[in-house]
Amino acid sequence: MYKIHLDEVKSTNTWLLDALNKGAEFPDETVLWTTKQTAGRGQMGNAWEAEPGKNISFSMLLQPTFLAPHDQFVLSEITALAVAEELGGCIKWPNDIFVNEGKICGILIEHKLLGTKLSHSVLGIGINVNQTQWIGNAPNPTSIKLQTGQDSDPEEVMNGVIRRISAYYRELQSQTTATRLKVHKQFLSRLYRKDGYFPYIDTATGQPFQARIVGVEPTGQLHLLTQADVAAGEEPEERVYWFKEVKFVLPCGVTKE
Ligand code: BTN
């Protein structure tokens, strides 16, 4: 596996995407990593906070030309699975990694298309390793240190994750439906709140509701079944959401897309 280390970079995702846009070529599964990302990017244009020297920020570049763009969610699944397995966490749909109700890792995946195929996918992963305090508005952060009480080597944490992503990725390249199904089942089995009713908020209407997860489509859409007050004549309703269309109300009271 080809790895590039930079002492400091604005954003590992942006660095790789800029290089690709300028015509640079990299081997499949190239990893760019740093412990000092100065302008880390999160989902929906948010910033990603990582204290210099404490955490690991890295991007793994894949060339999944064997995947059609509508199958891209499987890359999100293998990335989330790899991190959750390595850290002993669970996956808050679609791809945050939680340990004990705290977010320990954020994932930002960006794709480049060539015609009808995915030419490049940049799997951007930020893991909170030794950081214990956040100055920004990260809603419910945690870290390996906060969970274990011990410092860990950020590079070693990354190596464990990239080994797992690579193994899944190579399996996917076999292109069998059975492999995709197996990955999807493993993803579902690692889901945060996979059993039971929990509070959610519909982003469009602002309406709070209780529901349970009944499935995630291979496209990534989340299916929730509302809890009905049968005595009041209510019927449960199945609602289908894309990312950011629904917020999870967390035990700390914070809402989180
Ligand atoms: C999120 O908002 O949860 C996603 C955070 C993703 C952060 C990682 S750190 C490495 C890569 N480079 C970036 O600028 N962002 C991703």
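Heads up: the structure comes first, above all this text.
### Here we look at unusual backbone geometry
Cis rather than trans, the peptide bond between Trp93 and Pro94 has omega equal to 0°. Structurally, Pro94 can be placed in the loop between β4 (90-92) and β5 (96-99). Phi angles above zero are rare outside glycine, and Asn100 is one such case at about 45°. Located in the positive-phi region is Glu101, a residue other than glycine, with phi close to 70°. Within the element layout of this structure, Glu101 appears in the loop between β5 and β6 (102-114). By relative accessible area, which is 37% here, Glu101 ends up partly exposed.

### Details of helix α1 (residues 12-21)
Thr12, Asn13, Leu16, Leu17, Ala19 and Leu20 are the residues of α1 that are buried. Looking straight down α1, one finds that the buried residues subtend no more than 160° of arc, so they occupy a single side. Buried residues in α1 make contact with β2 (30-34), β3 (56-62), β6 and β7 (117-127). Two to three positions downstream of the cap, the backbone nitrogen of Asn13 sits 3.3 Å from a side-chain oxygen, assigning the N-cap of α1 to Ser11. A positive backbone phi angle near 95° is found at Gly23, which sits one or two residues after α1.

### Description of the layout of surface pockets
When its volume is computed, the largest pocket comes out at roughly 640 Å³. Of all the secondary-structure elements, those providing two or more residues to the lining of the largest pocket are α1, β3, β6, β7 and β13 (255-256). The leading source of residues in the lining of the largest pocket is β6, at four residues. Class assignment of the residues belonging to the lining of the largest pocket gives a composition of 10 nonpolar, 18 polar and six charged. Around the second largest pocket sit 18 residues that line it, and Gln72, Phe73, Ser76, Asn95 and Phe243 are the ones nearest its centre. Of all the secondary structure elements, the ones that give two or more residues to the lining of the second largest pocket are α2 (73-87) and β6. A per-element tally of the lining of the second largest pocket places β6 first, with four residues.

### Quick notes on the pattern of salt bridges
Evaluated as defined, the whole model comprises 13 salt bridges. Between Asp96 and Lys92 there is a salt bridge, and its shortest N-O distance comes to 3.6 Å. By relative accessible area, Lys92 is classed as buried at 0%. Across the pair Lys182 and Glu171 runs a salt bridge whose closest N-O atoms are separated by 2.6 Å. With Lys182 in helix α5 (residues 177-189) and Glu171 in helix α4 (residues 154-172), this pair connects stretches of sequence that are 11 residues apart. Counted as one network, the salt bridges with shared partners bring together Glu85, Glu86 and Arg164.

### Quick look at the environment of Val9
Along the chain, Val9 falls in the loop between β1 (3-5) and α1. We classify Val9 as buried; its relative accessible area is 8%. Considering only alpha carbons, one finds Val9 and Ala24, 15 residues apart in sequence, at a separation of 17 Å. In contact with Val9, other than residues within four places in its own chain, are Trp15, Thr34, Lys36, Gln37 and Thr38.

Parameters and conventions
Residues numbered from 1 in each chain as written. Predicted model: local features only at pLDDT ≥ 70, side-chain atom pairs only at ≥ 80, totals over all residues. Heavy atoms only, no water. Helix = DSSP H or I, 4+ residues; strand = E, 2+ residues; numbered from the N terminus. Buried < 20%, exposed > 50% of the residue type's maximum accessible area, 1.4 Å probe, protein only. Arc of directions from axis to C-beta. Contact = heavy atoms within 4.5 Å. Polar contact = N/O pair within 3.5 Å; in protein donor to acceptor, adjacent residues only side chain to side chain. 1 Å grid on protein atoms, 1.4 Å probe; cavity = no way out; pocket = protein on both sides within 12 Å on 5 of 7 lines; lining within 4 Å. Points joined across faces, edges and corners; volume = space filled by probe spheres on them. Nonpolar A, V, L, I, M, F, W, Y, C, P; charged D, E, K, R; others polar. Salt bridge = Lys/Arg side-chain N within 4 Å of Asp/Glu carboxyl O.

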